[in-house]
Number of protein chains: 4
Amino acid sequence: MSHNSFGHLFRFTTWGESHGPAIGCVVDGCPPGLALTEADIQPFLDRRRPGQSKFVTQRQEPDQVRILSGTFEGFTTGTPIALQIDNTDQRSRDYGEIKDRFRPGHADLTYDLKYGIRDYRGGGRSSARETAMRVAAGAVARRVLGAGVTIRGALVQVGADRIDRANWDWSAVDDNAFFCPDRVAAARWEQALLEARKSGSSLGAVIEVVAEGAPPGLGAPIYGKLDADIAAALMGINAVKGVEIGDGFEAASLNGEANADEMRMRPDGTVAFLSNHAGGILGGISTGQPIIARFAVKPTSSILTPRRAVDRHGQEVEVLTKGRHDPCVGIRAVPVGEAMLALVLADHLLRHRAQNPDAPRVARLPRN
Amino acid sequence: MSHNSFGHLFRFTTWGESHGPAIGCVVDGCPPGLALTEADIQPFLDRRRPGQSKFVTQRQEPDQVRILSGTFEGFTTGTPIALQIDNTDQRSRDYGEIKDRFRPGHADLTYDLKYGIRDYRGGGRSSARETAMRVAAGAVARRVLGAGVTIRGALVQVGADRIDRANWDWSAVDDNAFFCPDRVAAARWEQALLEARKSGSSLGAVIEVVAEGAPPGLGAPIYGKLDADIAAALMGINAVKGVEIGDGFEAASLNGEANADEMRMRPDGTVAFLSNHAGGILGGISTGQPIIARFAVKPTSSILTPRRAVDRHGQEVEVLTKGRHDPCVGIRAVPVGEAMLALVLADHLLRHRAQNPDAPRVARLPRN
Amino acid sequence: MSHNSFGHLFRFTTWGESHGPAIGCVVDGCPPGLALTEADIQPFLDRRRPGQSKFVTQRQEPDQVRILSGTFEGFTTGTPIALQIDNTDQRSRDYGEIKDRFRPGHADLTYDLKYGIRDYRGGGRSSARETAMRVAAGAVARRVLGAGVTIRGALVQVGADRIDRANWDWSAVDDNAFFCPDRVAAARWEQALLEARKSGSSLGAVIEVVAEGAPPGLGAPIYGKLDADIAAALMGINAVKGVEIGDGFEAASLNGEANADEMRMRPDGTVAFLSNHAGGILGGISTGQPIIARFAVKPTSSILTPRRAVDRHGQEVEVLTKGRHDPCVGIRAVPVGEAMLALVLADHLLRHRAQNPDAPRVARLPRN
Amino acid sequence: MSHNSFGHLFRFTTWGESHGPAIGCVVDGCPPGLALTEADIQPFLDRRRPGQSKFVTQRQEPDQVRILSGTFEGFTTGTPIALQIDNTDQRSRDYGEIKDRFRPGHADLTYDLKYGIRDYRGGGRSSARETAMRVAAGAVARRVLGAGVTIRGALVQVGADRIDRANWDWSAVDDNAFFCPDRVAAARWEQALLEARKSGSSLGAVIEVVAEGAPPGLGAPIYGKLDADIAAALMGINAVKGVEIGDGFEAASLNGEANADEMRMRPDGTVAFLSNHAGGILGGISTGQPIIARFAVKPTSSILTPRRAVDRHGQEVEVLTKGRHDPCVGIRAVPVGEAMLALVLADHLLRHRAQNPDAPRVARLPRN
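Thresholds applied
- Residues take numbers from 1 onward in each chain, read along the sequence in its written order.
- Each chain takes a letter, starting from A, and each ligand takes a number, starting from 1, following the order in which they are written.
- Side-chain atom pairs in this predicted model are given and counted only at pLDDT of 80 or more, local residue features only at pLDDT of at least 70, and totals for whole chains, interfaces and linings cover all residues.
- Side-chain metrics in this entry use all non-hydrogen atoms of the structure; hydrogen atoms and water are not considered.
- Residues belong to one nonpolar core when they are buried, are Ala, Val, Leu, Ile, Met, Phe, Trp, Tyr or Cys, and are joined through side-chain atoms within 4.5 Å.
- Note on classification: 1.4 Å probe, protein chains only; a residue is buried when its accessible area is under 20% of the maximum for its type, exposed when over 50%, partly exposed between these limits.
- The contact definition used throughout considers only heavy atoms, calling two residues in contact when any of these lie within 4.5 Å.
- The pairing criterion is simple: DSSP has to find at least two bridges between the two strands.
- To qualify as a helix, a DSSP run of H or I must reach at least 4 residues; to qualify as a strand, a run of E must reach at least 2; elements of each kind are numbered from the N terminus.
- As a rule, the C-alpha atoms of each element are fitted with a line to give its axis, helices using only the stretch in contact, and angles between N-to-C directions run from 0 to 180 degrees.
- The buried area of a pairing is the accessible area, by a 1.4 Å probe, that goes missing from both parts when the two are put together, added over both.
- The term salt bridge refers to a side-chain nitrogen of Lys or Arg lying within 4 Å of a carboxyl oxygen of Asp or Glu.
- Under the rule applied, a polar contact is a pair of N or O atoms within 3.5 Å (in protein, one hydrogen donor and one hydrogen acceptor; residues adjacent in sequence only if both atoms are side-chain atoms).
- Residues were grouped as follows: Ala, Val, Leu, Ile, Met, Phe, Trp, Tyr, Cys and Pro as nonpolar; Asp, Glu, Lys and Arg as charged; and all remaining residues, including Gly, as polar.
- A least-squares fit on C-alpha atoms brings the copies together, and the residues used are those whose pLDDT is at least 70 in both copies.
- Under this scheme an angle from 65 to 115 degrees is roughly perpendicular, one under 35 degrees roughly parallel, and one over 145 degrees roughly antiparallel; angles in between are oblique.
- Crossings are assigned a handedness: left-handed for a near helix turned anticlockwise from the far helix by less than a right angle, right-handed for a clockwise turn.

Another point: the nonpolar core. Core analysis: the largest hydrophobic core is formed by 376 residues, its most contacted members being Leu83 of chain A, Leu83 of chain B, Leu83 of chain C together with Leu83 of chain D. Beyond its immediate sequence surroundings of up to four residues, leucine 83 of chain D is in contact with Ile23, Gly24, Cys25, Val27, Ile41, Val65, Arg66, Ile67, Met133, Ala136, Ala137 and Val140 of chain D.

Shown next as structure tokens:
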């Protein structure tokens, strides 16, 4: 019941503050014999790295990961994998103004009320910098899932502007600064974000993550349901305020005929669903269809407009946040959301095979 | 890491199938010395009980709870509290038709793919009947939270029809069959649900749950955030497909100025927020404001219209579901949602005071 | 992190007090498809049952177990298995004398200091009656381990009188009232225990439990070592004060040459150890050899000689314990110790195959 | 349920191999506001450090600990504390001989059977080097327990030679190379260990650890009993084969009159026990008396005498272990045992106050 650990059998624990010497994590429970070097992890960190466009924070961090344990001659050994990234751009500055003030929308006040002390430099532990370790751990999770499982994410809404799903093109995602699968929307967002940035404001966003190729049977009802664990995983990402599976809130507006996914048999004996309103999960267990989740990210709370706030001494103050910030934190949440989905699936894969070692890897009928 | 347990320090484990002899739960970690008898639990079960209106299942269950351990002379002792409800209306019937068929939108297929065997009678373990034990455990959680914390829920949307929040009246909630806080909407829903029932169809719904009076400081970042645990708790309720905290998905459409809740000081030295977009949680930790969450429930999958499906033998079949079903399972999810929120908060109250025994019970500044 | 749960993947949670209406447990994580009815569990409970000889408590309890969930048509379904035993001989009596007094050697004082309240009737939650549920859960664990794993226990010491290991005969164990594998010692013990009983005194004991046929690879270093978990499992049995693996404390007196078990190859490619000082565990992981553990049980604290004690009000009193007690609680600890060993192994079997699904079931070399 | 984590609320996770770049741990759940710098941890590491006498391994490691997170301006913040020690004396050598051979008494074979791969350099993950992180985490645990709780350990037996308890003098413990509280025995052991070292042999040992000042009420029955958790903690130390609480195995030889600790009242209203056979624990809960545990350490398996063994290819070989080894690994286990006891107590202190915030810190009667 560790506060800073996630998962059960495949489990990672993160540590570190924004402006400490380093951040890191320990990945425990990883199966042995998987090929793993820094080169398998770094590309995912590079996708999340700050400073890559004008739409994200200008903090310059190479985010170079090192593996300190748990592998031998390029393979996992089954022992804990320690990953570490040095903090190199903890810009030396005067924190006199920020250290006693509770910025609206930030965790400053709540950390202080809970702990009575906090490392205020760069947000300390509550900084989104921590999510780098989720991405690193997520890269290991992908190894556990294997090449048959593909996990991808995309930004599907910025502010109130949604993509046109008819334009969805996965290959577009890496062609723009927003992980946007709709090239038309990407152009619009560029304008909107330039404006937000110029005015010192910020915008929210919605991210969609999809796992294809995951076997059926993942999820442990009643209190380890796959969708419940995905919900916790995504809601726990910084600034997230909502999570959906499949049709999500739209499902409330459907009637029973429209919502339930019908089934037919494929010639190869596997089940074909005729739709995927369920987002690949029924009764908390994966069906073998693509697993689809979305999460909403609030607009960055650090803005240039002065806001009414209070300080540690109970004084009323005005706060405006200078410094390096993402005008839309949702953008860099895309690789983080992918990582969290991978981490949930890897954990459930291990849980599932512990209890059900003979369960099929595809939705084949008859099962026996 | 039990599949059927929820919570960490205040923790409950449920067992039982829809048509077995009984269902039950074990509540562990409850503080000693709290007044607790069946009379403290039964009213909450009565709110959730089937058969109370024509808009819910006609199954007739008194749902009479018994306390089998963990109390002595009317007070909790700190030892595990076993709660049990006998199943009395497991209607004897012929399951010949259903036992081999996988109903669309149900967990039949996934349980079978995962376990290779299932108790198909009434949905077995995946039946919403299990939620009775959540409500029972939730009543104990309310004791732990104490009289200062109020947890209430309401139905805020049926199908695509939302309440008018200007009409919100908590006292209306128990005056209609839908836990609806808007008397005007309640009248519309009555019509809509009568139609759905008559046509053998079903509707989805959205529920809002609110906790008032919870202390600041609840929530254990990074991987025990209060909102993440609430998300898991609500997403794990049968048929739920989406969860929001505070403004939820709407937050994505706001800019930073509109979203972050500003603060002023109250004369008594506590912090006053000028709005509550955050839903009472910042950085995964409660602020002391009301904690607000919503969840979307899909329409009941059991409907009278024939749907295409498959059976255990890999044959394509048509399924229509006779029998006793809720035309809108979202209705009875209201007390279940309240219970889950209470259970999360009780667990976090214990976690919080374990690590931070001297933290204040209100958002008073200066803290020290 | 439940106080009343044991195990991780194969996990059980017990509840109930000595004089409440019933005791029970929930076994979670059991693999599906295992044949299981009450008849598979009852024989183990019968071995532990009170009232079977003059050397154990005269409480008369049929200890008839019922399965309330988790099986269907005689097979486990993968859902939680609820087991329950009604308390039928909670002898009605006057507790006036005992209810405020803290009996020496009992948990009365510590429960009171911890919880401020306790069910004093028959020892309440701290009664050894709880161990019946361990035995019941242990019977399920044996199913998980399968027919290839044999778990047996024996009493090897009563008071200071040890068996002669040269006389060890497993078939003798069920021929005497003491689970003694040495018929000669059994005769001596009969005399010693008759005397202890007559004088209202009590004797301690040492139990040995052995698992044969368990695969190599069980145990999760560093903090889920097999021997560490066995130690916790056995030390947690009522009245246990010491636990050993293999040579145990004797190992301290050996030199390195004598202690380390040498190895040779068997013709079938498996490793043969030439001795088993290690008790089947190296580095916290099973070797494939028999797993051997011993535990020491203190003499029953309920004796007829008056002892100096205190009461709830801080008054000094004298206590002597009338009523039904085992003159040597170690005797009935034999089936309990077997059960705990089975429970640890079943949990580790699942943990092991989750992480290492391709590990061999026997110590065959080369592994790959 | 992490394999490499220990504890529940106060919890640490270790990582690292003997010959990797570093070893480390993450301490999670630590209360905020405790003074903590490297200087609070280093002295405990120095006591365990290799190379300090001719009776322990000649590996030269400064074991300099660094705090990488979780403190701010010299105080804990409630966020995870990352501790790290660089490995500086991973002597470059040829592992050709050892890499395929399974040394008797070592974890070589079992790691290989479990994982199919292992870092054989210096024992890899199974090296006692990992215990340095236990000692580091234990220093943090001592801070949590506070100055009122004293935890000390001593070596009470080397080979078959026990101390004379009448000679016990805590001040002697740091005056000899063995942590021996009996100066007379220390002199004898020096001779015995010089001989063992000269002949390339090794000796076992027994360690006693004592916690004074711990409050009553620690321990969570039934499956989080304090003695069960201590047993797991100590049995999980490398090379340990037995654990006792209080009188331990000797308790089996006592009768009920001799074993149960009688009680009287002190003038200050606290309970005075007239003896401490129980080792400070009744019913799995601390009494407020000193908590006493002992554990047996087997002789070092690395010896100069050739032993029969096998290799990865299934070939029979002879193994003799050159290199740097402790002739009695039990010596350096003393600070490790102290640390494990501190870690168990700190975890239980938090667990206890979560459930029982109003429980007294001393055994005062009447409680209410």
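Right, picking up where we left off after that structure.
Residue and element names in this part refer to chain B. Read from one edge to the other, the open sheet built from five strands follows the order S1-S2-S3-S7-S4, with strand pairing classed as antiparallel. Both edges of this open sheet fall to strand S1 (5-6) and strand S4 (65-67), since each of them pairs with a single strand only. Alignment of S1 against strand S2 (residues 11-16), held across two bridges, turns out to be antiparallel. Note that in S2 the partner of serine 5 across the bridge is threonine 13. Sitting on the sheet, helix H3 (residues 131-145) touches S2, strand S3 (22-28) and strand S7 (81-86), and the angle it makes with S7 is about 145 degrees.

Our next topic: the interface of chain D and chain C. Contacts between the two partners involve 122 residues from chain D and, on the opposite side, 122 residues from chain C. Interface area for chain D against chain C, summed over the two sides, is near 9500 Å², with a carbon-plus-sulfur share of 59%. For chain D, the biggest contributors to the area lost against chain C are Lys114, Tyr223 and Lys241 of chain D; these three give 10% of the whole. Joining chain D to chain C, the criterion identifies six salt bridges. Measuring nitrogen to oxygen at the nearest pair gives 3.0 Å for the salt bridge that ties glutamate 262 of chain C to arginine 308 of chain D. Our enumeration of links across chain D and chain C arrives at 57 residue pairs in polar contact (both at pLDDT 80 or more). A per-element tally of the side of chain D that touches chain C places helix H2 (residues 108-115) of chain D first, with seven residues. Split into classes, the residues belonging to the side of chain D that touches chain C amount to 57 nonpolar, 40 polar and 25 charged.

This part covers the relation of the copies chain D and chain C. Expressed as a screw transformation, the operator carrying chain D onto chain C has a rotation angle of 180 degrees and an axial translation of 0.0 Å, and the superposed copies differ by an RMSD of 0.0 Å. The relationship between the two copies is best expressed as a two-fold rotation axis. Same-surface contact between copies: 100% of interface residues of chain D are shared with the interface of chain C.

What follows covers helix H2 (residues 108-115) of chain B. Of all eight residues in H2 of chain B, eight are buried, a share of seventy percent or more. What H2 of chain B keeps buried is the set Asp108, Leu109, Thr110, Tyr111, Asp112, Leu113, Lys114 and Tyr115 of chain B. Buried residues along H2 of chain B sit in contact with strand S13 (263-265), strand S14 (271-273), strand S15 (281-282), strand S16 (285-286) and helix H7 (333-355) of chain A together with strand S8 (101-102) of chain B. Of the residues trailing H2 of chain B, glycine 116 of chain B is marked for its positive phi of about 75 degrees.

Here we take up the side chain of serine 69 of chain A. Mapped onto the elements of the fold, serine 69 of chain A is located in the loop between strand S4 (65-67) and strand S5 (71-72). Since its relative accessible area comes to 3%, serine 69 of chain A is described here as buried. Among the polar contacts listed, one links the side chain of serine 69 of chain A to the backbone nitrogen of alanine 82 of chain A, at a separation of 3.1 Å. Look past the residues within four positions of serine 69 of chain A in its chain and what remains in contact with it is Pro80, Ile81 and Ala82 of chain A together with Trp15, Gly16 and Glu17 of chain D.

Superposition of the two copies of the chain requires a rotation about an axis and a shift along the axis. Least-squares fitting of chain B to chain A yields an RMSD of 0.0 Å, with the transformation described by 0.0 Å of translation along the axis and a rotation of 180 degrees. A high fraction, 100%, of the interface residues of chain B reappear at the interface in chain A, so the copies pair face to face through one surface.

Contacts between the two partners involve 122 residues from chain B and, on the opposite side, 122 residues from chain A. Of the roughly 9500 Å² buried between chain B and chain A on both sides combined, carbon and sulfur atoms contribute 59%. On the chain B side of the contact with chain A, Lys114, Tyr223 and Lys241 of chain B bury the most area, a combined 10% of that side's loss. The closest approach of N and O atoms between arginine 264 of chain A and glutamate 316 of chain B, which form a salt bridge, is 3.5 Å. Looking at which element gives the most residues to the side of chain B that touches chain A, the answer is H2 of chain B, with seven residues. Considering only residue class, the side of chain B that touches chain A consists of 57 nonpolar, 40 polar and 25 charged. Across three bridges, strand S12 (residues 240-245) of chain A lies against strand S12 (residues 240-245) of chain B in antiparallel orientation. Its bridge partner being in S12 of chain B, valine 243 of chain A is matched across the sheet by valine 243 of chain B.

The next point concerns the sheet that holds strand S8 (residues 101-102) of chain A. Residues and elements named next belong to chain A. With respect to topology, three strands assemble into an open sheet ordered S8-S18-S19, the strand pairing being antiparallel. A strand with exactly one partner marks an edge of an open sheet, and here the two such strands are S8 and strand S19 (316-319). Bridging between strand S18 (residues 307-311) and S19 involves four bridges; their strand directions are antiparallel. The residue of S19 that forms the bridge with arginine 308 is glutamate 318.

Glancing now at the packing of helix H7 (residues 333-355) of chain B against helix H7 (residues 333-355) of chain D. Contact geometry of H7 of chain B with H7 of chain D gives a least axis separation of 8 Å together with a crossing angle of 130 degrees. Viewed along their axes, H7 of chain B and H7 of chain D adopt a mutual orientation that is oblique. Taken as a pair, H7 of chain B and H7 of chain D cross one another with a handedness that is right-handed. Here Leu350, Arg353, Ala354 and Gln355 of chain B of H7 of chain B lie close against H7 of chain D, whose contacting residues are Leu350, Arg353, Ala354 and Gln355 of chain D. When its residues are assigned to classes, the contact of H7 of chain B with H7 of chain D shows four nonpolar, two polar and two charged.

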